[in-house]
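# Secondary and tertiary structure notes
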Protein chains: 2
Amino acid sequence: MLPGVGVFGTGSTARVLVPLLKAEGFEVHALWGRSEEEACCLAKELGIPFHTSQSDDVLLHQDVDLVCIYIPPSMTRQIAVKALGIGKNVVCEKAATAVDSFKMVTAARYYPQLLSVMGNTLRFLPAFVAMRQLLVEGYVGELQVCDVRVYGPSLLDQSYGWTCEELMGGGGLHTVGSAIIDLLSYLTGARAHRVHGLLRTFVQQNGLIRGIRRVTSDDFCFFQMLMGGTGSGSVCCTVTLNFNMPGSFVHEVMVVGSTGRLVARGTELYGQRNGSKGEELLLDDSGWVGPEVKEMPLPHLRGLSSMVKALRQSFQAHEERRSWARGPVAMAPTFEDGLYVQTVVEAVKRSSCSGEWECVEIMSQEPDPNHNLCEALQRNKN
Amino acid sequence: MLPGVGVFGTGSTARVLVPLLKAEGFEVHALWGRSEEEACCLAKELGIPFHTSQSDDVLLHQDVDLVCIYIPPSMTRQIAVKALGIGKNVVCEKAATAVDSFKMVTAARYYPQLLSVMGNTLRFLPAFVAMRQLLVEGYVGELQVCDVRVYGPSLLDQSYGWTCEELMGGGGLHTVGSAIIDLLSYLTGARAHRVHGLLRTFVQQNGLIRGIRRVTSDDFCFFQMLMGGTGSGSVCCTVTLNFNMPGSFVHEVMVVGSTGRLVARGTELYGQRNGSKGEELLLDDSGWVGPEVKEMPLPHLRGLSSMVKALRQSFQAHEERRSWARGPVAMAPTFEDGLYVQTVVEAVKRSSCSGEWECVEIMSQEPDPNHNLCEALQRNKN
């Protein structure tokens, strides 16, 4: 039996998600927005019976068994951890910091019977599911290089907000790069151990963001990850993100190995073995019927749709509306994956400052929140 | 009046160059090969009256006024410097080291009345000539990012030789990367001041290179260059070279600026201004008639052809067969440019070892050849 859903967020993802949930038979009972007005407006538009700007009203809502959190990164941890504490299943987007991600991991470990998955959607895209399968089957031989590029228009909101602020989780690396980092660990079955990167904010002001306000989040980011084995045995991943290209949308993921290569362009998958003369189309995604959404690139939209289908299968398997089967969502990123991704994001940022390769070290215990205070007190004593 | 030409080399470039020279009206009088046999064979094939394996026989040949040197990098400096000393005009490919390049610069400075240009051919490709012009005219606004990728099959020769050896000037970075480094400085009108890179040799042995022999030259390389102004004002260039992709040839140079972008795919140029909905074809190169050569990618072939045309115009301007006009070859890379390129190549290699950003510092005096010896003697004294 399908659980009742509560949705946090009124942005473009939430707007797309609700119709997808409904199409799969989920009932969306409650919507949370940052302001009463935003929530009311979108609830009316999407036909959601209850709306609020008080998070507890959704979390404690008796018909809500699954909470979908698509809100600014800096607010995600608080809602996600609370939802698990109240006993709700959670699908959410990334948090703003590794510390927040770690707190989410701790909560998820504490409630293993509850579903807790990251809403990074690229893993579910059929092109990447097929790519992973072909990698496992040895289509490219020994994997050598992954090369990813995403080009598109600005990620900034119309008005000044978190998307402009690096520390609030804005920027291409955090927003789009994190989905790519997750995808590459899914495809390669390995994790990055060293990263190097360069971030830039080419557009610091525009017609809407001016005066004393300045964009601090990156609109260009280039990073490399060494994954899997150390030394020359590792896979080299290079990722180029450029969001200064209005009117374009390029989403290309290429993996090159000793005997061939695979490349996903948008939602289609191509391959070429070393012996052959040309590329073959391995997955034509033209059969896709679903909403076209201007603000959301097709790979993410298509991935989100597939994830919702997987959620339906997971919950359908059980009679009880809060129970779910692990199988259909086994490929979804866990909160542990979310912590890994956030750790890589922060290592790339560090590298961009230091100019050096940075190690990816996953947090294993929460840093002492009084650490800075203690240091200050120590200094005062001397 | 056109000068008589002597050609050094029997490789694929020399094989392509001779017909191009003849087509423009140059007479090729002499051919040098490493072995008598190689020289004889190719001279017969191309209809060159004189062949030899003694370099002086070409350099001192009385009908030879222009020497074209397309031989392994480690031999280039010696022939080029000697040719200038004898009073011949020189077109040549890159040397193996910055020290060699510096010696060539010294010779070129000493004989400013002689033509001395690097045979890097991409500058002459019409797509890049047009790209540079559009950059100057402000098509892309303020330049932010250059993104280059070259993918193709292995660069290794059929048998073990210099192409396998990093120290002999083999590898993707040295062979193809150097043409890209030169091109980017031509396009941006700036030079790299800091670089970062990673080199890999994924294929260390193959069916022909085995046993105790091992390839040391890179078959995968990516590097970044910060060019022009320092700090956030600099242009970020990223270059990805992958020669583990048999059956492919991708040659893409993209420049992105504040108001638009330009991209050369192969020999064609496309552009898109930020306001517009799609790319426009700015230069269709389908009118190109010339030889198709399997071993040489079209952009290089087309560029080589344009360079030979420019040489013809340069020499035609004068009655005396050794004199030439600067105008038509003004855009050609000088030996100073060759030294810059070699310096960047070596900085990228250093960076790949150190893992750090490396400064590009152009040699201003020749290092003392006895430096290491002196140090050893010093150590022994203590």
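Residues numbered from 1 in each chain as written. Chains lettered and ligands numbered in written order. Predicted model: local features only at pLDDT ≥ 70, side-chain atom pairs only at ≥ 80, totals over all residues. Heavy atoms only, no water.

Glancing now at the packing of helix α4 (residues 73-86) of chain B against helix α5 (residues 98-110) of chain B. All names here are of chain B. Axis separation between α4 and α5 bottoms out at 9 Å; the angle between their running directions is 10°. Between α4 and α5, the crossing angle belongs to the class labelled roughly parallel. Taken together, the residues of α5 that come into contact with α4 (itself represented by S74, T76, R77, A80, V81 and L84) are D100, K103, M104, A107 and A108. Here the residues of the contact of α4 with α5 sort into 6 nonpolar, 2 polar and 3 charged. (Axes fitted to C-alpha atoms, helices over the stretch in contact; angles between N-to-C directions. Helix = DSSP H or I, 4+ residues; strand = E, 2+ residues; numbered from the N terminus. Parallel < 35°, antiparallel > 145°, perpendicular 65-115°, else oblique. Contact = heavy atoms within 4.5 Å. Nonpolar A, V, L, I, M, F, W, Y, C, P; charged D, E, K, R; others polar.)

With that settled, consider the environment of L304 of chain A. Residues and elements named next belong to chain A. Mapped onto the elements of the fold, L304 is located in helix α8 (residues 298-316). A relative accessible area of 1% places L304 in the buried class. When the C-alpha atoms of L304 and V16 are compared, they prove to be 8.8 Å apart, with 288 residues separating the residues in sequence. If near-sequence neighbours (up to four positions away) are discounted, L304 is found in contact with T13, V16, L17, L20, Y70, T121 and M296. (Buried < 20%, exposed > 50% of the residue type's maximum accessible area, 1.4 Å probe, protein only.)

Moving on, we get to the side chain of T238 of chain B. As for its position among the elements, T238 of chain B is in strand β10 (residues 235-242). For T238 of chain B, a relative accessible area of 2% puts it in the buried group. Sequence-distant contacts of T238 of chain B, that is, excluding residues within four places in its chain, are made with F220 and F222 of chain A together with C146, D147, V148, F223 and Q224 of chain B.

The full count for this structure, using the stated rule, is 7 aromatic pairs over all chains. For the pair F8 of chain A and W32 of chain A, a centre-to-centre distance of 5.5 Å together with 35° between the ring planes defines the contact as tilted. Of this pair, F8 of chain A sits in strand β1 (residues 4-8) while W32 of chain A sits in strand β2 (residues 27-32), and the two are 24 residues apart along the sequence. The pair formed by F8 of chain A and W32 of chain A is uniform in burial state, with each residue classed as buried. By the ring-pair criterion, three or more aromatic residues cluster together here, those being F202, F220 and F222 of chain B. It is R132 of chain B that lies over the ring of Y186 of chain B; its NZ or CZ is 4.8 Å from the centre. When the ring centre of Y270 of chain B is taken as reference, the NZ or CZ atom of R265 of chain B above it lies at 5.0 Å. (Phe/Tyr/Trp six-rings, centres within 6.5 Å; stacked < 30°, edge-to-face > 60°. Lys NZ or Arg CZ within 6 Å of the ring centre and 35° of its normal.)

Here we come to the UniProt feature "domain: Gfo/Idh/MocA-like oxidoreductase N-terminal" (unreviewed entry) in chain A. Look at the UniProt record and you will see "domain: Gfo/Idh/MocA-like oxidoreductase N-terminal" (unreviewed entry) annotated at residues 5-117 of chain A. The annotated region residues 5-117 of chain A carries 49% helix and 20% strand content, and the separation between its end C-alpha atoms amounts to 15 Å. (UniProt positions renumbered as here; feature names shortened; annotations may be inferred.)

Strand pairing in a sheet relies on backbone hydrogen bonds. The paired strands run either parallel or antiparallel. Residues and elements named next belong to chain A. Strand order in this open sheet of 9 strands is β14-β13-β12-β11-β7-β10-β9-β8-β15, and the pairing throughout is mixed. The open sheet terminates on both sides in strands that have one partner only, identified here as β14 (280-283) and β15 (358-359). Sheet topology places strand β11 (residues 250-257) next to strand β12 (residues 260-265); 5 bridges connect them, and they run antiparallel. What sits directly across from V255, in β12, is L262. Across the face of the sheet, helix α6 (residues 126-137) comes into contact with β7 (143-151), β11, β12, β13 (268-273) and β14 while running at roughly 170° to β12. (Pairing = 2+ DSSP bridges.)

Take the interface of chain A and chain B next. Of the residues lining the interface, 36 residues belong to chain A; the matching set on chain B comes to 36 residues. Of the roughly 3,000 Å² buried between chain A and chain B on both sides combined, carbon and sulfur atoms contribute 58%. The largest contributions to the chain A side of the interface with chain B come from Q144, R200 and F202 of chain A, which together make up 16% of the buried area. Where chain A packs against chain B, one counts 0 salt bridges. Viewed at the interface, chain B and chain A are joined by 17 residue pairs in polar contact (both at pLDDT 80 or more). Breaking the side of chain A that touches chain B down by element, the ones donating at least two residues are β7, β8 (192-200), β9 (220-227), β10 (235-242) and β11 of chain A. With 5 residues, β7 of chain A is the largest single contributor of residues to the side of chain A that touches chain B. In terms of residue class, the side of chain A that touches chain B is built from 13 nonpolar, 17 polar and 6 charged. (Buried area = accessible area lost by both parts, 1.4 Å probe. Salt bridge = Lys/Arg side-chain N within 4 Å of Asp/Glu carboxyl O. Polar contact = N/O pair within 3.5 Å; in protein donor to acceptor, adjacent residues only side chain to side chain.)

Once chain A has been moved 0.0 Å along the axis and rotated by 180°, it coincides with chain B to within an RMSD of 0.0 Å. As the rotation angle and translation indicate, the two copies are arranged about a two-fold axis. Every residue of chain A has its C-alpha some distance from the rotation axis, and the shortest such distance is that of E356 of chain A, at 2.6 Å. When the interface residues of chain A are mapped onto chain B, 100% of them again fall at the interface, so both copies present the same face. (Least-squares fit on C-alpha atoms with pLDDT ≥ 70 in both.)

Let us now look at the pattern of salt bridges. All names here are of chain B. Evaluation of the coordinates by the stated rule reveals 32 salt bridges over all chains. Residues R77 and D100 are paired through a salt bridge, measuring 3.2 Å at the closest nitrogen-oxygen approach. You can see R77 sitting in helix α4 and its partner D100 sitting in helix α5, a full 23 residues away along the chain. For R77, a relative accessible area of 26% corresponds to the partly exposed category. Of the charged contacts in the structure, one is a salt bridge between E252 and R149, with a shortest N-O distance of 3.3 Å.

Attention now moves to the pairing of β2 of chain A. Within a regular strand, the side chains alternate between the two sheet faces. Residues and elements named next belong to chain A. Burial analysis of β2 places 5 of its 6 residues in the buried class, which makes it a mostly covered element. In the sheet, β1 pairs with β2 via 5 bridges, with the strands oriented parallel. What sits directly across from V5, in β2, is V28. Following the backbone out of β1, through helix α1 (residues 12-23) and into the adjacent parallel β2, one traces a crossover that is right-handed. Two strands pair when backbone bridges link them, and β2 and strand β3 (residues 50-52) are joined in this way by 3 bridges, in the parallel orientation. Across the sheet, L31 pairs through a bridge with H51, a residue of β3. (Right-handed = clockwise from strand over helix to strand, strands pointing away.)

Glancing now at the packing of helix α1 (residues 12-23) of chain B against helix α2 (residues 36-46) of chain B. Two quantities define a packed helix pair, namely the angle between the helix axes and the distance between the axes. All names here are of chain B. For the pair α1 and α2, interaxial distance at closest approach is 11 Å and the crossing angle is 35°. For the pair α1 and α2, the crossing hand works out as right-handed. Note on element contacts: α2 touches α1 through L42, E45 and L46, opposite A14, R15, V18, P19 and K22. Of the residues assigned to the contact of α1 with α2, the class counts are 5 nonpolar, no polar and 3 charged. (Left-handed = near helix turned anticlockwise from the far one by under 90°.)

Time to look at the nonpolar core. Within the largest apolar cluster, 48 residues are counted, with the highest numbers of intra-cluster contacts made by M131, L184 and M225 of chain A. In terms of residue count, helix α7 (residues 172-188) of chain A provides more of this core than any other element does, 9 residues in total. Setting aside chain neighbours within four positions, we find M225 of chain A in contact with I181, L184, A192, R194, V195, V235, C236, C237 and V344 of chain A. Ranked by size, the runner-up nonpolar core spans 47 residues in total, among them C146, I181, V341 and V344 of chain B. (Core = buried A, V, L, I, M, F, W, Y, C linked by side-chain atoms within 4.5 Å.)

Turning our eyes to something else, we now look at α1 of chain A. All names here are of chain A. Between the first and last C-alpha of α1 there are 17 Å, a value that for 12 residues agrees with the 16 Å anticipated at 1.5 Å per step. T13, A14, V16, L17, V18, L20 and L21 are the residues of α1 that are buried. In this fold, the buried residues of α1 make contact with β1, β2, α2 (36-46), β4 (66-69) and α8. Within two residues after α1, G25 carries a phi angle of roughly 100°, on the positive side. (Expected span 1.5 Å × (residues − 1).)

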